Amino acid sequence: MKKKIECIGVLTSGGDAPGMNAAIRAVTRTAIAEGFKVKGIYRGFEGLLRNEIQEFTTENVSNIIQRGGTILKTARCKEFQTVEGRKVAYDNMVAQGIDALVVIGGNGSLTGARIFAEEYDVPCIGLPGTIDNDLYGTDSTIGYDTTLNTIVECVDKIRDTATSHERIFFIEVMGRDAGFLAQNSAIASGAEAAIIPEDSTNADQLEQFIGRGIRKSKSSSIVIVSESPKCGAMYYADRVKQEYPEYDVRVSILGHLQRGGSPSASDRILASRLGVGAINAILEGQRNVMIGIRDDEIVYVPFANAIKNNKPIKKELINVLGILSI
Ligand code: F6P
């Protein structure tokens, strides 16, 4: 028979995302309301290894719903990727009396949770916490909407100077291997093009952009580029400088400012619903699933699907940008 769950540990892991605090608050308050004990684990899985764990009351999560970042801190823990590391984490978990884990994080964090859950038969529930929106099975991830809005605010500002100087700007945004932030911020900011990894099998995206005669009717151009170790904004700007020296080109890499700031209302609501969903899932005996929202309904997505399946970008979004940027 499975051990009765009395105490739930909650942690945030990987890159922080606006709305993680709202999720911690929802998990803590719902768990306490349902009669569980809650323990906050600091610095992600690293906190499990180092025993940086504190019992939470509802007060620990007061006044945090509006704050960016994560009060639990976060980390990417190399040691947890080893069998020995996970053993230490498990021993500490048992010693602390933690019976189940809620892991708020992205792809890497949920992969860690999945391996740990399989190795030690520990009930783990994942919440999609990443600005990248790259987890399959949920329409959105916690932090994505806020970051999208932050990018659009920045692009609007860059547009002013781009127009004044009649320049092409390549603006690099985050997203790791996913182009959701680039594609949708391009649509929302009226950019002329987006260069995203999902479209890389097609013709040269720069050629397509230039080939559309982008300068004929416009006094400036904004191209949003998904970050990439080899083909980021600098790569495309250098190419334009060499291949089309008549254009005046600049680069803006938005960087970590994209991860900061107060979460949007959408992210706060999403995080709150998912946090309540996590505790409901535990009450229903679910384990090793990510809580997602699809078509406005809470869904349980097995870790393997959430992590392994590539979440596609709708072709329609690519068409929308193409049509509207003529
Ligand atoms: O996964 C979230 C993310 O912000 C990615 O978009 C980005 O590639 C990465 O984290 C940056 O990580 P770090 O903060 O460690 O530089």
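Residues numbered from 1 in each chain as written. Predicted model: local features only at pLDDT ≥ 70, side-chain atom pairs only at ≥ 80, totals over all residues. Heavy atoms only, no water.

Caption draft 1: Structural view of helix α11 (residues 315–324). For α11, the full list of buried residues reads Leu317, Ile318 and Leu321. Down the axis, α11 shows its buried residues gathered within 100° of arc, on one side only. Exposed and facing more than 90 degrees away from the buried side of α11 are Lys315 and Ile323. Check the buried side of α11 and you find it contacts α6 (180–189) and β7 (193–195). (Buried < 20%, exposed > 50% of the residue type's maximum accessible area, 1.4 Å probe, protein only. Helix = DSSP H or I, 4+ residues; strand = E, 2+ residues; numbered from the N terminus. Arc of directions from axis to C-beta. Contact = heavy atoms within 4.5 Å.)

Caption draft 2: Focus on the domain arrangement of the protein chain. Parsing the protein chain into structural domains produces domain 1 (7–143 + 263–308) and domain 2 (145–259). On a C-alpha basis, the centres of domain 1 and domain 2 stand 33 Å from each other. Each partner contributes residues to the interface: domain 1 has 13 residues there, and domain 2 has eleven residues. Buried surface at the junction of domain 1 and domain 2, both sides included, amounts to about 1100 Å², of which 46% is carbon and sulfur. (Domains from an automatic or database assignment. Buried area = accessible area lost by both parts, 1.4 Å probe.)

Caption draft 3: How the structure looks around the site of the ligand. As a structural note, the neighbourhood of the ligand is formed by Arg76, Ile131, Asp132, Met174, Gly175, Arg176, Glu227, His256 and Arg259. Residue Arg76 places a side-chain N or O atom 2.5 Å away from an oxygen atom belonging to the ligand. At 2.8 Å, a side-chain N or O of Arg259 approaches an oxygen atom of the ligand. Its free accessible area being 400 Å², the ligand has 75% of it covered by the protein chains. In the shell around the ligand, the residues fall into two nonpolar, two polar and five charged. Taken domain by domain, the makeup of the shell around the ligand includes at least three residues from each of domain 1 (7–143 + 263–308) and domain 2 (145–259). (Near = heavy atom within 4 Å. Polar contact = N/O pair within 3.5 Å; in protein donor to acceptor, adjacent residues only side chain to side chain. Areas by Shrake-Rupley, 256 points an atom, 1.4 Å probe, with all protein chains shown as cover. Nonpolar A, V, L, I, M, F, W, Y, C, P; charged D, E, K, R; others polar.)

Caption draft 4: Expanded view of the side chain of Arg159. Structurally, the position occupied by Arg159 is in helix α5 (residues 144–165). There is a polar contact of 2.7 Å between the side chain of Arg159 and the backbone oxygen of Gly190. Filtering out sequence-adjacent residues up to four positions away, Arg159 remains in contact with Ser189, Gly190, Ala191, Glu192, Ser220, Ser221 and Ile222.

Caption draft 5: Local environment of the pattern of salt bridges. Inspection of every chain in the model, using the stated rule, returns 15 salt bridges. The closest approach of N and O atoms between Asp204 and Arg239, which form a salt bridge, is 2.7 Å. One end of the pair, Asp204, is in the loop between β7 and α7 (205–211); the other, Arg239, is in helix α8 (residues 233–243), with 35 residues separating them in the sequence. Three or more residues are tied together by salt bridges with common partners; here these are Asp204, Glu207, Arg239 and Glu243. (Salt bridge = Lys/Arg side-chain N within 4 Å of Asp/Glu carboxyl O.)

Caption draft 6: Region of interest: the packing of aromatic side chains. Summed over all chains, the structure comprises eight aromatic pairs. When the ring of Tyr244 is compared with that of Tyr247, the centres are 6.1 Å apart and the planes differ by 25°; the resulting orientation is stacked. Residue classification places Tyr244 among the buried positions, given a relative accessible area of 15%. For Tyr247, a relative accessible area of 17% corresponds to the buried category. (Phe/Tyr/Trp six-rings, centres within 6.5 Å; stacked < 30°, edge-to-face > 60°.)

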